[in-house]
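Descriptive analysis of the structure
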Amino acid sequence: MALIWFLLLATGLLVAVVSGNLDGFTRGALDGAAGAVTLALGLVGALALWLGLLRVAEEAGLTDAVARALRPVMHRLFPDVPPDHPAMTAMVLNVSANALGLGNAATPLGLKAMEELQTLNPRRDTATDAMVLFLVINTSSVQLVPATVVAMRAAGGAENPASIVGPTLLATAVSTLVGIAAARLLARTRLGRMPPELA
């Protein structure tokens, strides 16, 4: 990623030199840096507020309530994972943390879920259907509270920063449903299976 940013910067500098607009390039870079600092300072306050509210909700048991509501759905989505297996617990907590916008809590739970799913994997070098489906659900991640985006909009001066909650919920719900359908469909077709000669 650092290489990509370096190439973009070097290309911009080269074009500025060739076009004789080095002054504009420098002014744009400085204005961009100043804007980034202003945005970051505003974002810190908004993120602190949202993360504090979500922490209170977590302490009040909201994460556990969402996890309890998700457990029956997760059992149906992952029939190959025993209900009392640690992988199921980690997956349920990961999905509920993601839904509540607790990304920092969701990441270690996702890693733990994958480690536990690997213990159920008969072929150590190939992901199971459950692992693929969990990755899809974790990536699409239904967002009940898109705290980071709301905070960024607030820091950017949006008139109604929380107006994206409804559209975000709809978009992430649709993306999750499409992802689940695609993963289940591919799991049932030859396209989603490794050829016997490679197994």
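To be clear, the structure that these remarks concern was listed above.
Read on for an overview of the structure.

What counts, and at which threshold
- Counting from 1, residues in each chain are numbered in the order their sequence is written.
- Note on the predicted model: pLDDT of at least 70 is required for a residue's local features to be given, and 80 or more for side-chain atom pairs to be given and counted; whole-chain, interface and lining totals, by contrast, use all residues.
- Only heavy atoms go into the side-chain values, all of them from the structure, while hydrogens and water stay out.
- Here, the term nonpolar core denotes a set of buried Ala, Val, Leu, Ile, Met, Phe, Trp, Tyr and Cys residues that are joined through side-chain atoms within 4.5 Å.
- Exposed residues in this analysis have more than 50% of their type's maximum accessible area, buried residues have under 20%, and partly exposed residues fall in between, with area computed by a 1.4 Å probe over protein chains only.
- Helix and strand definitions follow DSSP, with helices as H or I runs of at least four residues and strands as E runs of at least two, each counted in order from the N terminus.
- For helices, the fitted line uses only the C-alpha atoms of the stretch in contact; every axis is such a line through C-alpha atoms, and the angle between N-to-C directions lies from 0 to 180 degrees.
- By definition in this entry, angles of less than 35 degrees are roughly parallel, angles greater than 145 are roughly antiparallel, angles of 65 to 115 are roughly perpendicular, and the rest are oblique.
- Note on convention: the crossing is left-handed when the near helix lies turned anticlockwise from the far helix by less than a right angle, right-handed when the turn is clockwise.
- Only heavy atoms matter for contacts: two residues are in contact if any of them lie within 4.5 Å across the pair.
- Any residue that is not Ala, Val, Leu, Ile, Met, Phe, Trp, Tyr, Cys, Pro, Asp, Glu, Lys or Arg is counted as polar, Gly included; the first ten are nonpolar and the last four charged.
- To estimate the expected span of a helix, count its residues, drop one, and scale the result by 1.5 Å.
- What makes a salt bridge here is a side-chain nitrogen of Lys or Arg within 4 Å of a carboxyl oxygen of Asp or Glu, nothing more.

Quick word on the nonpolar core
Membership of the largest hydrophobic core comes to 23 residues, with the highest contact counts inside it found for Met74, Phe78, Val81, Met91 and Leu117. For this core, the secondary-structure elements that each account for two or more residues are α3 (62-77), α4 (86-99), α5 (103-118), α6 (129-140) and α8 (165-188). Ranked by residue count, the leading element in this core is α4, at 6 residues.

Quick word on the packing of α4 against α6
Axis angle and axis distance: for two packed helices, these are the angle between their axes and the distance between the axes, and together they describe the pair. Between α4 and α6, the shortest axis-to-axis distance is 9 Å and the interhelical angle comes to 20°. With respect to their mutual orientation, α4 and α6 come out roughly parallel. Here α4 runs over α6; the crossing is left-handed. Along its contact with α4, which presents Met91, Asn94, Val95 and Asn98, the element α6 presents Phe134, Ile137 and Asn138. Taken together, the residues that form the contact of α4 with α6 break down as 4 nonpolar, 3 polar and no charged.

Re helix α1 (residues 2-19)
Count 3.6 residues to each turn of an α-helix, and residues three or four apart come out pointing the same way. Here α1 is 18 residues long and its end C-alpha atoms lie 26 Å apart, about the 26 Å a rise of 1.5 Å per residue gives. Little of α1 is tucked away: 1 of the 18 residues are buried. The positive-phi residue at the C-terminal boundary of α1 is Gly20, with phi of around 75°.

Describing unusual backbone geometry
If you check the backbone angles, Ser141 has positive phi at about 45° while not being a glycine. Note that Ser141 resides in the loop between α6 and α7 (147-155).

Quick notes on the pattern of salt bridges
Under the criterion given, the structure shown has 2 salt bridges. Salt-bridge contacts for Arg27 lead to Asp23; the nearest nitrogen and oxygen are separated by 3.0 Å. Within this pair, Arg27 and its partner Asp23 are both found in helix α2 (residues 22-59), separated by 4 residues, close to a single helical turn. For Lys112, the salt bridge is made with Glu116, and the minimal N-O distance between the two is 2.9 Å. Within this pair, Lys112 and its partner Glu116 are both found in helix α5, separated by 4 residues, close to a single helical turn. The partly exposed category is assigned to Lys112, whose relative accessible area is 39%. For Glu116, a relative accessible area of 14% translates into the label buried.

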